[in-house]
There are 4 protein chains.
Amino acid sequence: MSAEQVSDTKDDQNTGLSARAQRNQRSIREDGTFNIENKGMPLFRPDDIYLGLLTMPWWKFSLIVISFYVILNSLFAAIYYAIGIDHLTNIEGTTQWEKLLEAFFFSAQSLTTVGYGRVAPVGITTSSVAAIESLLGLLGFALATGLLFGRFSKATAKIVHSTNMLISPFKEGTGLMFRIANMRETQLVEVEVIVTLSKITVEKGREVRRFYQLNLERNKITMFPMAWTVVHPIDETSLLYGLTHEEIKYDDMEFLIYFKGYDETFSQNVHHRISYRADDIVWGARFIVNYELQSNGPTIHYLNKVSDYELTDLPVISIENEKDRKQLVQ
Amino acid sequence: MSAEQVSDTKDDQNTGLSARAQRNQRSIREDGTFNIENKGMPLFRPDDIYLGLLTMPWWKFSLIVISFYVILNSLFAAIYYAIGIDHLTNIEGTTQWEKLLEAFFFSAQSLTTVGYGRVAPVGITTSSVAAIESLLGLLGFALATGLLFGRFSKATAKIVHSTNMLISPFKEGTGLMFRIANMRETQLVEVEVIVTLSKITVEKGREVRRFYQLNLERNKITMFPMAWTVVHPIDETSLLYGLTHEEIKYDDMEFLIYFKGYDETFSQNVHHRISYRADDIVWGARFIVNYELQSNGPTIHYLNKVSDYELTDLPVISIENEKDRKQLVQ
Amino acid sequence: MSAEQVSDTKDDQNTGLSARAQRNQRSIREDGTFNIENKGMPLFRPDDIYLGLLTMPWWKFSLIVISFYVILNSLFAAIYYAIGIDHLTNIEGTTQWEKLLEAFFFSAQSLTTVGYGRVAPVGITTSSVAAIESLLGLLGFALATGLLFGRFSKATAKIVHSTNMLISPFKEGTGLMFRIANMRETQLVEVEVIVTLSKITVEKGREVRRFYQLNLERNKITMFPMAWTVVHPIDETSLLYGLTHEEIKYDDMEFLIYFKGYDETFSQNVHHRISYRADDIVWGARFIVNYELQSNGPTIHYLNKVSDYELTDLPVISIENEKDRKQLVQ
Amino acid sequence: MSAEQVSDTKDDQNTGLSARAQRNQRSIREDGTFNIENKGMPLFRPDDIYLGLLTMPWWKFSLIVISFYVILNSLFAAIYYAIGIDHLTNIEGTTQWEKLLEAFFFSAQSLTTVGYGRVAPVGITTSSVAAIESLLGLLGFALATGLLFGRFSKATAKIVHSTNMLISPFKEGTGLMFRIANMRETQLVEVEVIVTLSKITVEKGREVRRFYQLNLERNKITMFPMAWTVVHPIDETSLLYGLTHEEIKYDDMEFLIYFKGYDETFSQNVHHRISYRADDIVWGARFIVNYELQSNGPTIHYLNKVSDYELTDLPVISIENEKDRKQLVQ
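Conventions used here
Counting of residues starts from 1 at the beginning of each chain's written sequence and follows it residue by residue. Both sets of labels track the order of writing: A upward for chains, 1 upward for ligands. Owing to the predicted nature of the model, reporting of local features is limited to residues with pLDDT of at least 70; listing and counting of side-chain atom pairs is limited to 80 or more, with chain, interface and lining totals taken over all residues. Derived side-chain values reflect all non-hydrogen atoms in the structure, with water molecules and hydrogen atoms excluded from consideration. Here a strand is any run of E in DSSP of at least two residues, a helix any run of H or I of at least four, and the numbering for each starts at the N terminus. Type-normalised accessible area, obtained with a 1.4 Å probe on protein chains alone, sets the label of each residue: buried when under 20%, exposed when over 50%, and partly exposed for intermediate values. Between N or O atoms, a polar contact is any pair within 3.5 Å; within protein, one atom must be a potential hydrogen donor and the other a potential acceptor, and residues adjacent in sequence are included only when both atoms are from side chains. Should any heavy atoms of two residues lie within 4.5 Å, those residues are considered in contact. Overlaid copies result from least-squares superposition on C-alpha atoms, with residues included only where pLDDT is at least 70 in both. Expected helix span is given by 1.5 Å per residue-to-residue step, counting one fewer step than there are residues. Should DSSP find at least two bridges between two strands, the strands are regarded as paired. Values labelled buried area give the accessible surface lost by two parts on being combined, using a 1.4 Å probe and summing over both. Throughout this description, the term salt bridge denotes a Lys or Arg side-chain nitrogen within 4 Å of a carboxyl oxygen of Asp or Glu. Side-chain rings of Phe, Tyr and Trp (the six-membered ring for Trp) are treated as a pair once their centres are within 6.5 Å; stacked means planes under 30 degrees apart, edge-to-face means over 60, and tilted covers the remaining angles. For a Lys NZ or an Arg CZ to count as sitting over a ring, it must be within 6 Å of the ring centre and within 35 degrees of the ring normal. As a per-residue quantity, pLDDT reports the predictor's confidence and falls between 0 and 100.

> How would you sum up the side chain of Asn73 of chain D? Please name residues and give values.
Residue and element names in this part refer to chain D. Relative to the helices and strands, Asn73 is located in helix α2 (residues 58-83). Classification of Asn73 by relative accessible area gives buried; the value is 0%. A polar atom in the side chain of Asn73 sits 2.7 Å from the side chain of Ser107. Ignoring sequence-local partners within four residues, the contact set of Asn73 consists of Phe104, Ser107, Ala108, Leu111 and Glu133.

> How would you summarise the relation of the copies chain B and chain A if you had to cite specific residues and measurements?
The operation relating the pair of chain copies consists of a rotation about an axis and a translation along that axis. Mapping chain B onto chain A is achieved by rotating through 90° and translating by 0.0 Å along the same axis, at an RMSD of 0.1 Å. Here the symmetry operator amounts to a four-fold rotation axis. When the interface residues of chain B are mapped onto chain A, a mere 13% of them are again interface residues, pointing to distinct binding faces.

> Lay out helix α3 (residues 96-111) of chain C with the relevant residues and their values.
Under the 1.5 Å per step criterion, the end-to-end length of α3 of chain C is 22 Å for 16 residues, consistent within 8% with the ideal 22 Å. Among the residues making up α3 of chain C, those that are buried are Leu101, Glu102, Ala103, Phe104, Phe105, Phe106, Ser107, Ala108, Gln109, Ser110 and Leu111 of chain C. Taken together, the buried residues of α3 of chain C touch α2 (58-83) and α4 (124-153) of chain C together with α4 (124-153) of chain D. Taken from the residues just after α3 of chain C, Thr113 of chain C is the one with a positive phi, measuring 60°.

> Could you give an account of the relation of the copies chain A and chain C, naming the residues involved and the relevant values?
For these two chains of identical sequence, chain A goes onto chain C by a turn of 90° and a shift of 0.1 Å along the axis, with RMSD 0.1 Å. When the interface residues of chain A are mapped onto chain C, a mere 12% of them are again interface residues, pointing to distinct binding faces.

> So what about the pairing of strand β9 (residues 254-263) of chain B? Which residues, and what values?
Residue and element names in this part refer to chain B. Of all 10 residues in β9, 10 are buried; the element is thus mostly enclosed. Residues Glu254, Leu256, Tyr258, Lys260 and Tyr262 point to one face of β9 and Phe255, Ile257, Phe259, Gly261 and Asp263 to the other, with burial holding for every one of them. Across 9 bridges, the pairing between strand β5 (residues 188-203) and β9 is antiparallel. Bridge pairing links Ser198 to Glu254 in β9. Across 10 bridges, β9 lies against strand β10 (residues 268-277) in antiparallel orientation. When the sheet's bridge partners are listed, Lys260 is paired in β10 with His271. Between the end of β9 and the start of β10, which pair antiparallel, lie 4 residues, with Ser267 showing a positive phi angle near 50°.

> Describe the interface of chain B and chain A, with residues and values.
Taken together, the contacts link 63 residues of chain B with 73 residues of chain A. Roughly 6,000 Å² of surface becomes buried between chain B and chain A when both sides are summed, with 62% attributable to carbon and sulfur atoms. When the area that chain B buries against chain A is broken down by residue, the three leading residues are Tyr116, Phe141 and Met223 of chain B, summing to 13%. For the pair chain B and chain A, the interface holds 2 salt bridges. Close ionic contact of Lys260 of chain A with Glu190 of chain B constitutes a salt bridge, the shortest N to O distance being 3.0 Å. At the surface where chain B touches chain A, the tally comes to 14 residue pairs in polar contact (both at pLDDT 80 or more). Elements with a minimum of two residues in the side of chain B that touches chain A: α2 (58-83), α3 (96-111), α4 (124-153), β4 (173-182), β5, β7 (220-223), β8 (228-234) and β14 (299-302) of chain B.

> A description of the packing of aromatic side chains should follow, citing residues and the corresponding values.
Inspection of every chain in the model, using the stated rule, returns 48 aromatic pairs over all chains. A ring pair is formed by Phe149 of chain A and Phe149 of chain B, whose centres lie 5.4 Å apart and whose planes are at 70°; its orientation type is edge-to-face. In this pair, Phe149 of chain A sits in helix α4 (residues 124-153) while Phe149 of chain B sits in helix α4, so the two residues belong to two different chains. The buried category is assigned to Phe149 of chain A, whose relative accessible area is 11%. Considering the side-chain rings of Phe152 of chain C and Tyr50 of chain D, the 5.1 Å spacing of their centres and the 10° angle between planes classify their relative orientation as stacked. Placement of Phe152 of chain C in helix α4 and of Tyr50 of chain D in helix α1 (residues 46-55) is noted, with the two residues assigned to different chains. Judged by relative accessible area, Tyr50 of chain D falls into the buried class, the value being 4%. Members of the aromatic cluster, each reached through a chain of ring pairs, are Tyr50 of chain A together with Trp58, Phe61, Phe152 and Phe266 of chain B. The cationic tip of Lys305 of chain C hangs over the ring face of Tyr302 of chain C; the distance from NZ or CZ to the ring centre is 4.2 Å.

> Provide a residue-level description of the interface of chain A and chain C, including the pertinent values.
Taken together, the contact pairs 64 residues of chain A with 74 residues of chain C. Between chain A and chain C lies a buried interface of about 6,100 Å² when both sides are counted; carbon and sulfur atoms form 63% of it. When residues of chain A are sorted by the area they lose upon contact with chain C, Tyr116, Phe141 and Met223 of chain A head the list and together hold 13% of the total. Seen at the junction of chain A and chain C, the total is 2 salt bridges. At the surface where chain A touches chain C, the tally comes to 14 residue pairs in polar contact (both at pLDDT 80 or more). Looking at the side of chain A that touches chain C, the elements with two or more residues in it are α2 (58-83), α3 (96-111), α4, β4 (173-182), β5 (188-203), β7 (220-223), β8 (228-234) and β14 (299-302) of chain A. Ranked by residue count, the leading element in the side of chain A that touches chain C is α4 of chain A, at 7 residues. Where β14 of chain A and strand β1 (residues 36-39) of chain C come together, 4 bridges link them in parallel fashion.

> Describe in detail the environment of Tyr116 of chain A, supporting the description with residues and values.
For Tyr116 of chain A, the location among the structural elements is in the loop between α3 and α4. Along the backbone, Tyr116 of chain A and Phe106 of chain A are 10 residues apart, and their C-alpha atoms lie at a distance of 8.9 Å. The contacts of Tyr116 of chain A, once residues within four sequence positions are left out, are Gln109 of chain A, Tyr116 of chain B, Phe106, Ser110, Gly115, Tyr116, Gly117, Val119, Ala120, Pro121 and Ala130 of chain C together with Tyr116 of chain D. Of the polar contacts made by the side chain of Tyr116 of chain A, one reaches the side chain of Ser110 of chain C; its length is 2.4 Å.

> How would you sum up the environment of Leu135 of chain C? Please name residues and give values.
Along the chain, Leu135 of chain C turns up in helix α4. It is 8.9 Å that separates the C-alpha atoms of Leu135 of chain C and Thr113 of chain C, two residues lying 22 residues apart in sequence.

> Can you explain unusual backbone geometry? Please cite residues and give values.
The backbone of Ser267 of chain C sits at a positive phi, close to 55°, despite the residue not being glycine. Relative to the helices and strands, Ser267 of chain C resides in the loop between β9 (254-263) and β10 (268-277). Look at Ser267 of chain C and you get buried, because its relative accessible area is 12%. Phi is positive for Lys171 of chain D, which is not a glycine, with a value near 50°. Following the sequence through the fold, Lys171 of chain D ends up in the loop between β3 (165-170) and β4 (173-182).

> I'd like to hear about the confidence of the model for chain A, residue by residue, with values.
Residue and element names in this part refer to chain A. Summarising the model, chain A shows a mean pLDDT of 84, and 88% of its residues fall at 70 or more. Here helix α6 (residues 322-329) stands out as the element of chain A with the lowest mean pLDDT, 48, in contrast to α2, whose mean of 95 is the highest. Note on residues 1-12: pLDDT is under 50 here. Beyond four places in sequence and across chains, it has 35 contacts.

> Please set out the sheet that holds strand β13 (residues 291-292) of chain A residue by residue, giving values where relevant.
Overall, mixed pairing links the 3 strands, which are arranged β13(A)-β14(A)-β1(C) in an open sheet. What marks the edges here is a single partner per strand, and that holds for β13 of chain A together with β1 of chain C. Of the strand pairs in this sheet, β13 of chain A and β14 of chain A are connected by 2 bridges, and their pairing is antiparallel. Residue Glu292 of chain A lies in a different strand from β14 of chain A, and its bridge partner there is Ile300 of chain A.

The structure is reproduced here in structure tokens:
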């Protein structure tokens, strides 16, 4: 069998993906994340806080930084106020609220180490608190530096994939195809793709979900400046050989695509996951070339035409070894 | 022989792990570190100081930072005091102790570059010391920034493994199994496991410890969103074939597991080591599925049920090639 | 066939490089970038801004930093001025322009957190703006730190290659050769080269461009302290076997070279692309040794002699299997 | 032939290492660097400045930082002085020299952003220069942060190797052995070794230097907590088979060892090069075990005993295929 059979006859394999059969479920969501929710993690996980700060959206990150700044300053303002506002020089406020506010601004000036000095600490207690606050400010800033750098320097793949998978003419028969391209300015090299077919199959009278790695015409390319059409040839060894669209839907097929490349600019590996379902397949179509050669100048590559296809006729294949295929799948 | 024999007939192999036979010893401790103590390192190893600051617990790291801050400020306070406290403006203390304390706070304001300026240096010597101190402060802060970033950005695997290894039914025979799952929010990809069996064997009438790599049903998976049950099939080629629990204990077996994966978020490889001993093996049991499919929503994956198993019957195997096995082990 | 045929009989392969035939076009420009222009990217791509700041030339980067500094300070100066210049202490300017300028310098002192304090904020509104500005300053500085570090720590290969490809005597026949060397002080290890031949070929009466990976005498070396002459042996299995210079030009051949190594100092993989065209080939020449052994001291390696060659005679080869070759190419 | 022959019959191969024959030369120096000097690099290489700052010793790095600080402050002091010292507040110096010094200290306070404010800029020109200086200070500091982090976070292997190579008994014959161990606290995993033999050989009546990769008993280990004895079995396929110590010296043999491992803590690959010459070989000796098992506690591993060996007898081997060997080497 050409496709390595990921599955066996055990009750449940626990190989990282569910083997339970349920229809109309997808393993991978459209955004590339797994359709899984973890339970049983400890409530307080300090290791994952950095991770959260690294991956959350920018507006959330900004909000947290500002909240932190306000809360910390309020806290220190309260401390300075409690010690006695007369230990700060040049306090001009007359009401208690104004004095508290001035303590707040002094705190901000200490935390950011701007330290204008119009308001300055006098006396041992207030000076000690100010010394602690500016150390805290420096360390907090060090942390922010690391976080900002971490947020920016994280290489992420931005891969555009065709909306549909196509059943297209391929060599003497047909092939299952999808097209991907790199949406970023960075060059990806040594790009690799693994396509796993997830389908419901019947074992010992029971429906189970099994995973099979699909054969590809080519699973690795060295350079990736323009779109790549990944092809699974539907030949005699293919699990899709001779299947109709209805059969593919009935088996609740999902195609899990794992994409891996090396980002030249970030010097890091990047990954991406795509999931196609039976409904995404178009029968008898082929991708339209999405670039234009110029007689004088560079080739124009249209990233917004990666999904474009045109209908076409498929060659007729006589499925005489239908029985063999059935045996393969079992 | 299916398992690559790591060992040969030399006196001692020095292949990174001890070949001396001693009972009730483990090569890898429960926390994944090696049960080895190095001697003969130079006392002063500057290269390892950064490493220490990077890997020590947070409370220890904080303590070192604070101590450093206090000691450095005390030192500079002494210098300012020695030069003459009258070279600092606006010193209000009357006793020597108060003056020294004010010098301390001025030092803190210079080191953190907050520089309020109420107290400021006058005169060449004091100004020079202050110039040196603020440079030192900046560099120290630069160092802290690097350290904090280094501490956070270090990818570490947090792998939960089942408390026990199980001898479970597997295909027509049995298999030695353990289950692992990822405890962190980050996705691990291209996960690989190597299981090395460490056991006492008799060579030329002498007991020696030998290491054998065990065959696995599957030693690599591409995606690892849920638990993975790693299986060593106990077939005719297995060193465990036909052994009883007592024989496994008598040979003082230890299973050294080397785990490797690529952390998508940190773009780094992560590693983990696990060690099981003969006492950790449960005969005739199988893992309970630790996830639940939902008809509407994501699959629920219970990380706290990775160790859960239920007892089961094992198929009876006739060990007719017992003699062959004995020869294999020798 | 020795060279893996990257190409098949489909209309267009979309394997990352164009299959359309057009003469006098190159896939890779002389600076190693692809001769391709992407269209259809979204206008605002925040992810690529960091990338731009990372890879732009230094003069551009400096200009952006300075502009940012001036614009931000002007903006805050306007705000302070709008609130009321009397909320800043010690403003000495008499005209409105002078007052605005003093607000500008106060802003600069807040943004850089230098905060001399001669001019200091008084009152709630101005103090609040100043508190926001110094936070902004700190974060902007954090960003600059990350950017500067990112710009410097990016490992880039600086590979010098011979100006020409040579057809030289090799073993009993000839070989196509080019020479590369490392221009940087860092050591590259595990250096790998892939040479792809791009040529126009006739399929079904139509000219198409096809890509073939060329066989190399050796495609990987462990150590790369001196120049490496990469050799494609022109034997019976070679697509160049028996071709004349005119035929090579007629097929509009381009040699796409993908270079990969591991930079020991940066602990990163580095990549490089080179492109040679038919015009760059010299027939009957060989590279001159570009190093000198010293009886007492290190070997002298001349990086400026990597391209140096001398003319030589080529062995005469009888092309009796011309017909076979033609079939190979089809 | 078991050893991959790196060499062929060309005049010079240019495969990164010299093929010219010269006696008493080594390719790799004792510190692991190549015995090669590059000429023809451009004089001004901005890309290598960062590299230099990254790899230079600490005393040199500190000196450069301090010099930079002093020179920059002197420069700005001169500018402030030229503009007019009366544009700085509270200048107390009476002589020109004292005034210049006060400008110097004001500059230091601006550059480090400590900004006490006793001395503060007044007027547009001086304020502008101060604004530029504090921006420069911030950026310079950002640079220092990156450099310090870069210097610390660079993973470097610290491998101790045995002083000598030993010809020891191995299986039924002999083997060429050396022992290596990790001198750092970090764990190295997936450690790999490549041993290349460099020797003078006679081709077409001329002495040339050729390189051969030696067969190893094992060239990769997964875990490296203790010493590893790397073994080249001297069997019939070995280039050393039947050679005497004098013959090895006559051929001016050098053993080039390339070491590669993955540092778990730094998440980076580390590399190391070792070179042994014929004089470093001890005939008839074996390494003494350099660790001690404890009945209660961890195994003690002596890093200072990695080189320790004891003399032993070698098995006598009849070299009947001497003629074959000679042919192999040619």
